[in-house]
Amino acid sequence: MATSQGRGGLAGLVLLALGPALVAAYAGAGYVAIKAAVRAQVTGPEWAGRKADAAGFTSLGVDTWRLTWWTALVVGLVAVLYLLFGVLLRRGSRGRTLILVVSGLLIVPYALGFGVALFNPPAMLANLYDNPDFLAGLPAWQPFTAWLLLAAGLAQAVGMVLATTRIGRAPAQARVSSPS
């Protein structure tokens, strides 16, 4: 029975570690999509020979990347905290209640980050800047990157459940009291 708890604990840690990895994937995919849109913007007819900055970004590219990066940073920090909390819960140390309460509150920035990503900041800012070349340069898969943040949150939620239920479960034989 100890091996099944060990596998459940390992699965919980893997799911908790999947959160920051998926957030990093969101940031990387956003960067690739924004770079493609900037290339389309610079080669478009409305750009008319102006140059991008040293990093190859236009002001629209910089703004969309900043919003994407800040969203990934906030959600990534929360994801790392969930991973840390999961490790602490596995250890069975004191403060479990506080950890669970704080982890319940941390779902708010996670959900807000997903909400921001779901609004699709690159497309929203391209429309705000009225730049159809940038908008046309966004890859077709780009709007779906927001779902990486939702997948990260769901994976970490399951990982937290596995980490929480791992400690405090005595084998069934130990729970049965012997007659005295």
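What you see is a predicted model, and the numbers here were worked out from it, not measured in a lab.

**Some remarks on the nonpolar core**
Next up, step 1: Grouped together as the largest cluster of nonpolar side chains are 22 residues, with contacts concentrated most on Val 23, Tyr 82, Tyr 110, Leu 149 and Met 160.
Next up, step 2: Mapped onto this core, the elements with two or more residues apiece are helix H1 (2-43), helix H2 (59-91), helix H4 (107-118) and helix H7 (146-166).
Next up, step 3: A per-element tally of this core places H2 first, with seven residues.
Next up, step 4: The residues contacting Leu 149, other than those within four sequence positions of it, are Val 23, Tyr 26, Thr 71, Val 75, Tyr 110, Gly 113, Phe 114 and Ala 117.
Next up, step 5: By size, the runner-up hydrophobic cluster in this structure holds 11 residues, among which are Ile 34, Val 38, Val 62 and Phe 134.

**Side note on the side chain of Gln 41**
Next up, step 1: Tracing the backbone shows Gln 41 in helix H1.
Next up, step 2: Overall, Gln 41 belongs to the buried group, its relative accessible area being 4%.
Next up, step 3: Excluding residues within four positions of it along the chain, Gln 41 makes contact with Trp 47, Thr 58, Leu 60, Asn 131, Asp 133 and Phe 134.

**Side note on helix H5 (residues 121-128)**
Next up, step 1: Turning to H5, its buried residues number three or more, namely Pro 121, Pro 122, Ala 123, Leu 125 and Ala 126.
Next up, step 2: Just downstream of H5 lies Asp 130, where phi reads positive at about 55 degrees.

**Brief notes about empty space enclosed by the protein**
Next up, step 1: In this structure the tally under the stated criterion is one cavity of 30 Å³ or more.
Next up, step 2: Here the largest cavity is characterised by a volume of approximately 50 Å³.
Next up, step 3: The wall of the largest cavity is formed by Tyr 26, Gly 30, Thr 68, Ala 117, Asn 120, Pro 121, Pro 122, Gln 142, Pro 143, Thr 145 and Ala 146.
Next up, step 4: Elements supplying a minimum of two residues to the lining of the largest cavity: H1 and H5.
Next up, step 5: Residue classes in the lining of the largest cavity are distributed as six nonpolar, five polar and no charged.

**So, the side chain of Ser 103**
Next up, step 1: As for its placement among the helices and strands, Ser 103 is situated in helix H3 (residues 96-105).
Next up, step 2: On the accessibility criterion, Ser 103 (8% relative accessible area) is buried.

**Some thoughts on unusual backbone geometry**
Next up, step 1: Despite not being glycine, Asn 120 shows a phi value in the positive range, around 60 degrees.
Next up, step 2: Structurally, Asn 120 can be placed in the loop between H4 and H5.
Next up, step 3: Phi is positive for Asp 130, which is not a glycine, with a value near 55 degrees.
Next up, step 4: Within the secondary structure layout, Asp 130 lies in the loop between H5 and helix H6 (132-137).

**Here we look at the packing of H2 against H4**
Next up, step 1: Axis separation between H2 and H4 bottoms out at 9 Å; the angle between their running directions is 145 degrees. Once H2 is placed against H4, the crossing between them reads as left-handed. Across the interface between the two elements, Thr 71, Val 74, Val 75, Val 78, Ala 79 and Tyr 82 of H2 pack against Ile 107, Pro 109, Tyr 110, Gly 113 and Val 116 of H4.
Next up, step 2: When its residues are assigned to classes, the contact of H2 with H4 shows nine nonpolar, two polar and no charged.

Cut-offs and rules
Residues numbered from 1 in each chain as written. Predicted model: local features only at pLDDT ≥ 70, side-chain atom pairs only at ≥ 80, totals over all residues. Heavy atoms only, no water. Core = buried A, V, L, I, M, F, W, Y, C linked by side-chain atoms within 4.5 Å. Buried < 20%, exposed > 50% of the residue type's maximum accessible area, 1.4 Å probe, protein only. Helix = DSSP H or I, 4+ residues; strand = E, 2+ residues; numbered from the N terminus. Contact = heavy atoms within 4.5 Å. 1 Å grid on protein atoms, 1.4 Å probe; cavity = no way out; pocket = protein on both sides within 12 Å on 5 of 7 lines; lining within 4 Å. Points joined across faces, edges and corners; volume = space filled by probe spheres on them. Nonpolar A, V, L, I, M, F, W, Y, C, P; charged D, E, K, R; others polar. Axes fitted to C-alpha atoms, helices over the stretch in contact; angles between N-to-C directions. Left-handed = near helix turned anticlockwise from the far one by under 90°.

So far we have only geometry, and geometry alone does not tell us how the molecule works.
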